[in-house]
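Listed below, chain by chain, are the residues.
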Amino acid sequence: MDRKKCCVKLSVQPSRGLVDEKFVILVQNVPPGSQVTVHASYKCEDGHSWEAFAHYNANAAGTVNVSEDPSLGGTYSGVELMGLLWSLRPVPGSKPGLRMRKVNVQTPMEVTISVYQGHQTEGFVDQVPLGSVVVERWYMAPGVRRIPITEGGLTATLFLPPGPGPFPGLLDLWGGGGKLVEYRAALLASHGIASLALDYLTAEIVMETGKAVDNQYFETAYRLLEQHPQILGSRIAMLGLSLGTSVTLNMAVYSKVMKLRCVVCVSGSHVQAADGSLEQILACFDENADKTRFTEENQIIVRDLLLPIPTDPKLKTDVGRLQCPLLLVVGEDDQNYPAHESAMDMKDMMERVGNGHLLTVLSYPNAGHLIEPPYTPHVRVSAFKSASIGRQKLMALWGGETVAHSRAQEDAWRKMLIFLRENLYGGRNPSATSFSHFHCNQGNN
């Protein structure tokens, strides 16, 4: 193949796009029937390198089309359009427990797609590829505005979609790791929803006082969205993952300030003191800490802390009182939260009082806890330090099987966007927020 090396053509279209956008990889001008390896590499902001690769045989025309041709081996097999992203894994020799998360959403993920001669499995860094292309994957579409928020004692970042608005709003809460995590809010703003990423465990006010925030902290964040001149104050949603689900359900049911249009809860539970505070939620975990289990590899399983699901109504958020649509996203192999058991109990509670029509449950067999935006690499285990309980860093078992989990992420994200649009836009036309031509416009960002 060496003589033909200069003629090999590798293209990725679009080469610049949002992280949830598909791309097509095409290899041309290799010898007919020859073996090639298509490889993806990415270096995280923390300096760790990730890779994925797949083995292909060129057709009679000397072409490999990743969207149509099956991988015969590698980090995934079969026809997988986006396999080179969702099967990314730390390179051999990396420290254990890594998780890929974008910190600076104002820069893209730069993924290098390369093609190599033969079916290779290792040593890519020492080989010269037949061709390489750098692909940009963005959380922020062109024109999305990132606005740090400190008013009202908040530690938050607001992402506004392009244009004058007004836009529907969303309050975005992550889980027990704390910190200000922005990438999901940035991506939602790229789809036309003004989104406020909120740090509630390691916020400045928590660092200063040493105390957990009270429920007014979340109401202050809601009011900020409600009163913003570019946000539709009557069209605000709340999205929580893991511990963020506990807060989200609590505020949606009991807050007299928040009038939410809809709620999304990913990988969480309603088991907590009814109408309680964040401090009480965290205390419940502390009280049940003896229920944690460890695998033979010393990976912590936390899901049993909230099991069995209590029958005492004082120990659960009364979702029967919910007055807006609720979407639950559940991984049935979640090893961190009893998300599936909780969803089934919430379904029973809501159906008993006649508001079951407000509930949608997306439940995914063999999916784990960390249900992220599409094509995020599945991490079954990672190093985790709870910002709430202050324990030492542990290896958390999140669960999930890579292919099933990746399918779940793609399906749940698509259905969540539909759910949010239906409930937040009502009759409004969101088509103006389509960024399918991202790759033509990114130079303005």
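Residues numbered from 1 in each chain as written. Predicted model: local features only at pLDDT ≥ 70, side-chain atom pairs only at ≥ 80, totals over all residues. Heavy atoms only, no water.

**Examining the overall build of the protein chain**
Rule in force here: Each helix is a run of H or I in the DSSP string that is no shorter than four residues. Each strand is a run of E no shorter than two, and both are numbered from the N terminus. The globule rule used for comparison is 2.2 Å times the number of residues to the exponent 0.38, while the radius of gyration itself is calculated over C-alpha atoms. Burial classes follow relative accessibility: with a 1.4 Å probe on protein chains only, a residue under 20% of its type's maximum area counts as buried, one over 50% as exposed, and anything between as partly exposed. Should any heavy atoms of two residues lie within 4.5 Å, those residues are considered in contact. Per-residue and other accessible areas follow the Shrake-Rupley method at a 1.4 Å probe size, with only the shown protein chains counted as cover for residues.
A count of helical and extended segments in the protein chain gives 9 helices and 21 strands. Relative to the 2.2 N^0.38 estimate, which gives 22 Å for 445 residues, the radius of gyration of the protein chain is 23 Å and therefore close to what a compact globule would have. Going through the 445 residues of the protein chain one by one, you find that 57% of them count as buried. The long-range fraction of contacts in the protein chain, counting pairs at least 24 apart against all pairs at least 6 apart in sequence, stands at 71%. For the protein chain, the exposed area adds up to about 18,400 Å²; of that, 49% sits on carbon and sulfur atoms.

**Regarding the packing of aromatic side chains**
Heads up, the rule is: Aromatic rings from Phe, Tyr and Trp, taking only the six-membered ring of Trp, are treated as a pair when their centres fall within 6.5 Å; an angle between ring planes under 30 degrees marks them as stacked, one over 60 as edge-to-face, and anything in between as tilted. A ring is scored as having a charge over it whenever the NZ atom of a lysine or the CZ atom of an arginine sits within 6 Å of its centre and within 35 degrees of its normal.
One pass over the full model with this rule turns up 9 aromatic pairs. Ring centres 5.3 Å apart and planes at 45 degrees place the aromatic pair Phe 53 and Phe 124 in the tilted group. Linking Phe 53 in strand E5 (residues 49–57) with Phe 124 in the loop between strand E8 (109–117) and strand E9 (131–138), this pair joins segments that are 71 residues apart in sequence. Its relative accessible area of 3% is what places Phe 53 among the buried residues. Taken together, the ring pairs connect Phe 53, Tyr 116 and Phe 124 into an aromatic cluster. The ring of Trp 174 has Arg 101 lying over it, and the distance from NZ or CZ to the ring centre is 4.9 Å. For the cation-ring pair, Arg 184 lies above Trp 174, with the distance from its terminal atom to the ring centre recorded as 4.0 Å.

**Some remarks on empty space enclosed by the protein**
The condition that has to hold: Each cavity reported here is a set of points on a 1 Å grid over the protein atoms alone in which a 1.4 Å probe fits but cannot get out, each pocket an open set with protein on both sides within 12 Å along at least five of seven lines, and each lining residue one with an atom within 4 Å of a point. Grid points are joined across faces, edges and corners, and a volume is the space filled by probe spheres set on the points. Polar here means any residue outside two lists: the nonpolar Ala, Val, Leu, Ile, Met, Phe, Trp, Tyr, Cys and Pro, and the charged Asp, Glu, Lys and Arg; Gly therefore counts as polar.
Under the defined criterion, the tally for this structure stands at 5 cavities of 30 Å³ or more. The computed volume of the largest cavity comes to approximately 140 Å³. Surrounding the largest cavity, 14 residues form its lining, Met 100, Met 109, Tyr 139, Thr 376 and Pro 377 being those nearest its centre. Class assignment of the residues belonging to the lining of the largest cavity gives a composition of 10 nonpolar, 1 polar and 3 charged. Looking at the second largest cavity, the residues that line it are Trp 174, Arg 184, Leu 239, Val 266, Val 329, Ile 371, Glu 372, Pro 373, Ala 412, Trp 413 and Met 416.

**Focus: helix H7 (residues 339–352)**
Going by this rule: Any helix carries an expected span of 1.5 Å times its number of residues minus one. Along the arc lie the directions from the helix axis toward the C-beta atoms.
The terminal C-alpha atoms of H7, which comprises 14 residues, lie 20 Å apart, in line with the 20 Å expected from a rise of 1.5 Å per residue. Residues Ala 339, Ser 342, Ala 343, Asp 345, Met 346, Met 349 and Met 350 constitute the buried set of H7. Each buried residue of H7 lies within a common arc of 165 degrees when the element is viewed along its axis, so the set occupies one face. Residues of H7 that are buried make contact with helix H5 (243–254), strand E18 (326–331) and strand E19 (359–364).

**Concerning the nonpolar core**
Formally: Residues belong to a common nonpolar core when they are buried Ala, Val, Leu, Ile, Met, Phe, Trp, Tyr or Cys residues joined through side-chain atoms within 4.5 Å.
Counting residues in hydrophobic clusters, the biggest one holds 141 residues, and the most contacted among them are Tyr 200, Phe 218 and Leu 420. It is helix H8 (residues 402–425) that provides the largest number of residues to this core, a total of 8 residues. Ignoring any residue separated from it by four or fewer positions in sequence, one finds Tyr 200 in contact with Leu 173, Trp 174, Gly 175, Val 206, Val 213, Tyr 217, Phe 218, Leu 243, Gly 244, Val 247 and Leu 278.

**Notes on the confidence of the model for the protein chain**
In low-pLDDT regions, the fine details of the predicted coordinates are not to be read closely. Applicable threshold: How sure the predictor is of each residue is captured by pLDDT, a score from 0 to 100.
In this model, the protein chain carries a mean pLDDT of 92, and residues with pLDDT of at least 70 account for 93%. Segment residues 1–5 is flagged for pLDDT under 50; beyond a separation of four residues in sequence, or across chains, it makes 13 contacts in the model. This stretch, residues 429–445, has a pLDDT under 50; its non-local contacts, to residues over four places away or in other chains, come to 34 contacts.

**So, a positive patch on the surface**
Worth spelling out the cut-off: By definition, no residue in a patch forms a salt bridge, and every one has over 30% relative accessible area; like charges are joined within 9 Å, nonpolar side chains (Val, Leu, Ile, Met, Phe, Trp, Tyr) within 5 Å. By definition, a salt bridge exists where a carboxyl oxygen of Asp or Glu is found within 4 Å of a side-chain nitrogen of Lys or Arg. Counting rule for charge: Lys and Arg are taken as positive, Asp and Glu as negative, and neither His nor the chain ends is counted. A single reference atom marks each charge: NZ on Lys, CZ on Arg, CG on Asp, CD on Glu.
A surface patch of like charges, here positive, comprises Lys 95, Lys 179, Lys 385 and Lys 393. Here Lys 393 lies in the loop between strand E20 (381–384) and strand E21 (394–397).

**Some details on unusual backbone geometry**
In the segment running from Gln 13 into Pro 14, the intervening peptide bond is cis, with an omega of -5 degrees. As for its placement among the helices and strands, Pro 14 is situated in the loop between strand E1 (9–13) and strand E2 (16–18). You will see that Ser 242, though not glycine, has its phi angle at about 60 degrees, which is positive. Position of Ser 242 relative to the elements: it lies in the loop between strand E14 (231–241) and H5. Judged by relative accessible area, Ser 242 falls into the buried class, the value being 6%.

**Details of the sheet that holds E20**
Our working rule: A strand pair is defined by DSSP finding two or more bridges across the two strands.
Strand order in the open sheet formed by 4 strands is E16-E17-E21-E20, and the pairing between neighbours is mixed. Of all strands in the sheet, those with a lone pairing partner are strand E16 (293–294) and E20, marking the two edges. Here 2 bridges tie strand E17 (residues 299–301) to E21, and the two strands are oriented parallel to one another. Each bridged residue has a counterpart across the sheet, and for Ile 300 the counterpart in E21 is Ala 396.

**Focus on the sheet that holds strand E6 (residues 64–65)**
Adjacent strands of a sheet form backbone hydrogen bonds with each other and so pair up, either parallel or antiparallel. Reading across from one edge, E1-E3-E6 is the order of the 3 strands in this open sheet, with antiparallel pairing throughout. Each having just a single partner strand, E1 and E6 make up the two edges of the open sheet. Note: strand E3 (residues 24–28) against E6, 2 bridges, orientation antiparallel. Paired with Val 27 across the strands is Val 64, a residue of E6.

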